[in-house]
Amino acid sequence: MVVFSPTGTGRTVAERVVSGFATENDVVRLCELTVAEAGRGTGEMTIGGVGVFVAPVYGGRVAETAVERFGRVRAAEPGKTPAVLIVVYGNRDYEDALLELRDLVVRQGFVPLSGGAFVGEHSYSRPREGMPIAAGRPDEADCAVAERFGAESRTKYDRWNNGAGGVDELSVPGKRPYKVKGPSTPATPTTCAERCTGCGACVEACPTGVVTLAADGRAVSSAEGCIKCCACLKCCPTDARQFDTPYTERLFLNFSARREPELFLL
């Protein structure tokens, strides 16, 4: 699995997909590219067998940090190494993200076998404030779909691997050129000093390494480099981290209706 999943929703989906795909004789290896240390690497990584890629959707596109880190991953046999593609979005829309991920892995030498768009709890979801956005997702229903998707992808792979047919180009939704995202406003979560215990969980969770502990032991973060994934909020045991944005209310009001996973297989 090649994973970029700051809040863990994508990794959950990918694990269930792999559970449906893998047999007892398969060796599953994790290429974890979420943590800040992974982003500081410069060497290329080679994937053999079948690559399972999972990335979050930010603004209808694959998260920029995921694009950067996935760019170091190469197929062991270019043009012959299949890949299963997964994007996870916060119940609004995934727009061009799955197509973008498909194009990215093709450039890296992989052959897309299947693709899925799954829903995970939005980074801006605030259930405690009465504004949940896909709270608790992926849930068991999503995970059951993920396992089925993995099993169906395995069937496709086995047919191809056994010479029962070639792999045509995987067709997924999206447009080229991809959606142009507007300029990002510099912002980052803040810390409530009274609740912060200085445990460092947010420091470890930050995928870009912009959260640190100040001299007084309180967590602080820089807006420069913050991707607003809110992983630091979701892992904080005392709810000391806060991120106030008007988008939470807008998303809650307009995108609370449940959306279901969408699957695409050759």
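Our subject is the structure that appears above.
No experiment lies behind these values; they were computed from the predicted model shown.

What follows covers the overall build of the protein. Within the protein, the regular secondary structure consists of eight helices and 13 strands. At 19 Å, the protein has a C-alpha radius of gyration in line with the 18 Å of a compact globule built from 266 residues. Principal axes of the C-alpha set define a box for the protein whose edges measure 65 × 40 × 40 Å. Per-residue burial over the protein gives 45% buried out of 266 residues. Counting only contacts in the protein whose residues sit at least 6 apart along the sequence, the fraction spanning at least 24 positions is 80%. Looking at the protein as shown, the accessible area adds up to about 12,800 Å², and 50% of this sits on carbon and sulfur atoms. Between the averaged position of the 31 positive side-chain charges in the protein and that of its 33 negative side-chain charges there is a distance of 3 Å.

Moving on: helix α4 (residues 97-107). When you tally the buried positions in α4, you get nine out of 11 residues, the bulk of the element. Of the positions making up α4, those classed as buried are Ala97, Leu98, Leu99, Glu100, Leu101, Arg102, Asp103, Leu104 and Val105. Looking at the buried side of α4, the elements it contacts are β4 (51-58), β5 (61-62), α3 (64-70), β7 (81-89), β8 (110-119) and β13 (262-265). Where α4 terminates, the next one or two residues include Gly109, which has phi positive at roughly 100 degrees.

Cut-off values and rules
Residues numbered from 1 in each chain as written. Predicted model: local features only at pLDDT ≥ 70, side-chain atom pairs only at ≥ 80, totals over all residues. Heavy atoms only, no water. Helix = DSSP H or I, 4+ residues; strand = E, 2+ residues; numbered from the N terminus. Rg over C-alpha atoms; globule rule 2.2 N^0.38 Å. Buried < 20%, exposed > 50% of the residue type's maximum accessible area, 1.4 Å probe, protein only. Contact = heavy atoms within 4.5 Å. Areas by Shrake-Rupley, 256 points an atom, 1.4 Å probe, with all protein chains shown as cover. Lys, Arg positive; Asp, Glu negative; His and termini not counted. Charge placed at Lys NZ, Arg CZ, Asp CG, Glu CD.

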